[in-house]
Amino acid sequence: MPAPGDLTHLRGFLCTVNFLARYLPKLATVSEPLRQLLKKNVPYVWSDAHEKSFNAVKELVTRAPILRYYDPRIDVVLQCDARRELWIADTLSRQLPCPTVKPGAFAINLAEHELAIDLAVTAECLQEYRTTSSQDSELQAVVVAIRSGDWSMPAVAEYTPVKSELSTDGVLVFKGARLVVPRTLRSRVLQQLHAAHMGIEATRRRARESVFWPGLNGHIKDMVSRCSTCAAVQPSQARNPCCLMKSQLSHGPSNGKAENAVHTIKKLLSKSEMSNTDPLLAILEWRNTPSEATGTSPAQKLFGRRCRTPLPVSTGLLMPVVEDTKAMVQKAKEKQVQYYNRGTKLLPDSRKDNQ
Ligand SMILES: [Zn+2]
């Protein structure tokens, strides 16, 4: 590599070398003459001192530990920051079986092959999940499969379709950021998911942010369909087609939203009273359920983040995120009209109004 002929090339060279600065403790001293040339009012005159400094920096970056030949006889330690948003590091962090590599020829000791996801739950609750998970033979078979990469055991068959999304801390199993609930706690978690007596899809959206187990969607459908409280408060009247223009002219969007909120809360409180459950917990669950249109919950719209509830949720999901809600709300409005009008028919009264 020839010496940089001008300031631009020198800047480029130093900039590249600086990427490795944390591995080059002497870099600042060795490159000092070169950095002097970057100063204002210093003419670019390449001297022997600069040549010496340039060669010394090249020597630093082309020898160990920065650069060396790969030696298959030496163990390799791969360190990964295996956060979910770093897809490549996350993939590298999983110990996958590799049939093309002979055993012992290339052993990778993965320093970080298990993901520890923090759950925002009480210590007692966490302990309960850990104890029941450790006693759940199916879940422990999944832990073994995640660690070994061998998914041939019949006990883990239901988890095979989602195996690439599974991780473990050794006892608990996660699908993405969702906790895989042990079998004995599933009926209780179903009740918690349905605390606000929301419909099937809303309850599923709530579950998608928190928990998982094979067949969860079907279990939610069965539970909500059989819920006597929900059945008693089913709307019976046929819906009227919605006209966005008319609704805005006659009521104004703010009134519509306020009316909707009052209607929802009234329904929620009466369901809570009927089922003799805690109304505050029901409201909390409703506030944390993402809406179909925007994908965000009332809590996220108001506070910019999700709230803690009795359901296990990863602490990462409780971090505040500022969203551009204006565009989301506009899109949601159009979507709502489209969905609302599906399968509706004009009632006699509204036909008259529209004439
Ligand atoms: Zn219900």
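Residues numbered from 1 in each chain as written. Predicted model: local features only at pLDDT ≥ 70, side-chain atom pairs only at ≥ 80, totals over all residues.

- Per an unreviewed UniProt entry, the protein chain goes by RNA-directed DNA polymerase and derives from Petrolisthes cinctipes.

1. Thoughts on the overall build of the protein chain
Piece 1. The secondary structure content of the protein chain amounts to 17 helices and 6 strands.
Piece 2. Buried residues in the protein chain amount to 18% of all 355 residues. (Helix = DSSP H or I, 4+ residues; strand = E, 2+ residues; numbered from the N terminus. Buried ≥ 20, exposed ≤ 12 C-beta atoms within 10 Å, placed from the backbone.)

2. What about the environment of Val211?
Piece 1. For Val211, the position within the fold is in strand 6 (residues 211-212).
Piece 2. The class for Val211 is buried, based on 22 C-beta atoms found within 10 Å.
Piece 3. Note: C-alpha distance between Val211 and Arg178 (33 residues apart in sequence) is 4.7 Å.
Piece 4. Other than its neighbours up to four places away in sequence, Val211 contacts Arg178, Leu179, Val181, Val189, Leu311 and Pro312. (Contact = placed C-beta atoms within 7 Å.)

3. Side note on the nonpolar core
Piece 1. Counting residues in each nonpolar core, the largest one holds 27 residues, and the members touching the most others are Val142, Val173, Leu179, Val180, Val181 and Val211.
Piece 2. When contributions to this core are tallied by element, the ones reaching two or more residues are helix 7 (137-148), strand 4 (173-175), strand 5 (178-180), helix 8 (186-193), strand 6 and helix 10 (216-226).
Piece 3. If you tally residues by element for this core, the top one is helix 7, at 5 residues.
Piece 4. Mapping this core onto the domain boundaries places at least three of its residues in each of domain 3 (123-180) and domain 4 (186-235 + 242-333).
Piece 5. If we ignore the near neighbours within four places in the chain, the residues touching Val181 are Arg186, Val189, Val211 and Trp213. (Core = buried A, V, L, I, M, F, W, Y, C linked by C-beta atoms within 7 Å. Domains from an automatic or database assignment.)

4. Section: the sheet that holds strand 4
Strand pairs in the sheet, formed through backbone hydrogen bonds, run parallel or antiparallel to each other.
Piece 1. Spatial ordering of the open sheet is given by 3-4-5-6, a layout of 4 strands whose pairing is mixed. Only two strands of the sheet have a single partner each, and these edge strands are strand 3 (166-168) and strand 6.
Piece 2. Bridge analysis of strand 5 against strand 6 gives 2 bridges, and the strand direction is parallel. Counted as the bridge partner of Val180 is Phe212 from strand 6. (Pairing = 2+ DSSP bridges.)

5. Let's talk about the environment of Leu24
Piece 1. Note that Leu24 resides in the loop between helix 1 (7-18) and helix 2 (27-30).
Piece 2. Leu24 gets classed as partly exposed once you count the C-beta atoms within 10 Å, which come to 17.
Piece 3. As a C-alpha pair, Leu24 and Val57 span 33 residues in sequence and 9.4 Å in three-dimensional space.

6. Thoughts on the packing of helix 9 (residues 200-208) against helix 10
Piece 1. Where helix 9 contacts helix 10, the axes come no closer than 9 Å and their chain directions differ by 140°. It follows from the interaxial angle that helix 9 and helix 10 lie oblique. For helix 9 against helix 10, the interelement crossing comes out right-handed. Facing Ile200, Thr203, Arg204 and Ala207 of helix 9, the residues of helix 10 in contact are Leu216, Asn217, Ile220, Lys221 and Val224.
Piece 2. Across the contact of helix 9 with helix 10, the residue classes tally to 5 nonpolar, 2 polar and 2 charged. (Axes fitted to C-alpha atoms, helices over the stretch in contact; angles between N-to-C directions. Parallel < 35°, antiparallel > 145°, perpendicular 65-115°, else oblique. Left-handed = near helix turned anticlockwise from the far one by under 90°. Nonpolar A, V, L, I, M, F, W, Y, C, P; charged D, E, K, R; others polar.)

7. Side note on the confidence of the model for the protein chain
Piece 1. Per-residue confidence for the protein chain gives a mean pLDDT of 80; residues scoring 70 or more make up 78%.
Piece 2. Taking the mean pLDDT of every element in the protein chain, the minimum, 37, falls on strand 2 (residues 108-110) and the maximum, 96, on helix 10.
Piece 3. Confidence drops under pLDDT 50 across residues 96-114; counting only partners more than four residues distant or on other chains, this segment forms 27 contacts.
Piece 4. Scored below 50 in pLDDT, residues 242-249 shows 8 contacts in the model against residues more than four places distant or in partner chains. (pLDDT = per-residue confidence, 0-100.)

8. Quick word on the environment of Arg183
Piece 1. Tracing the sequence through the fold places Arg183 in the loop between strand 5 and helix 8.
Piece 2. Taking the C-alpha atoms as reference points, Arg183 and Ser133, separated by 50 residues in sequence, lie 8.3 Å from one another.

9. Digging into helix 14 (residues 279-287)
Piece 1. All of the buried residues in helix 14 are Ala282, Glu285 and Trp286. Summarising the axial view, the buried residues of helix 14 lie within an arc of 100°, below the 170-degree limit, and thus occupy one face. (Arc of directions from axis to C-beta.)

10. Side note on unusual backbone geometry
Piece 1. In this structure, His197 is a non-glycine residue whose phi angle is positive, near 50°.
Piece 2. Although it is not a glycine, Asn276 sits at a positive phi angle of roughly 55°.
Piece 3. Along the chain, Asn276 falls in the loop between helix 13 (253-274) and helix 14.
Piece 4. Owing to 7 C-beta atoms within 10 Å, Asn276 belongs among the exposed residues under this scheme.

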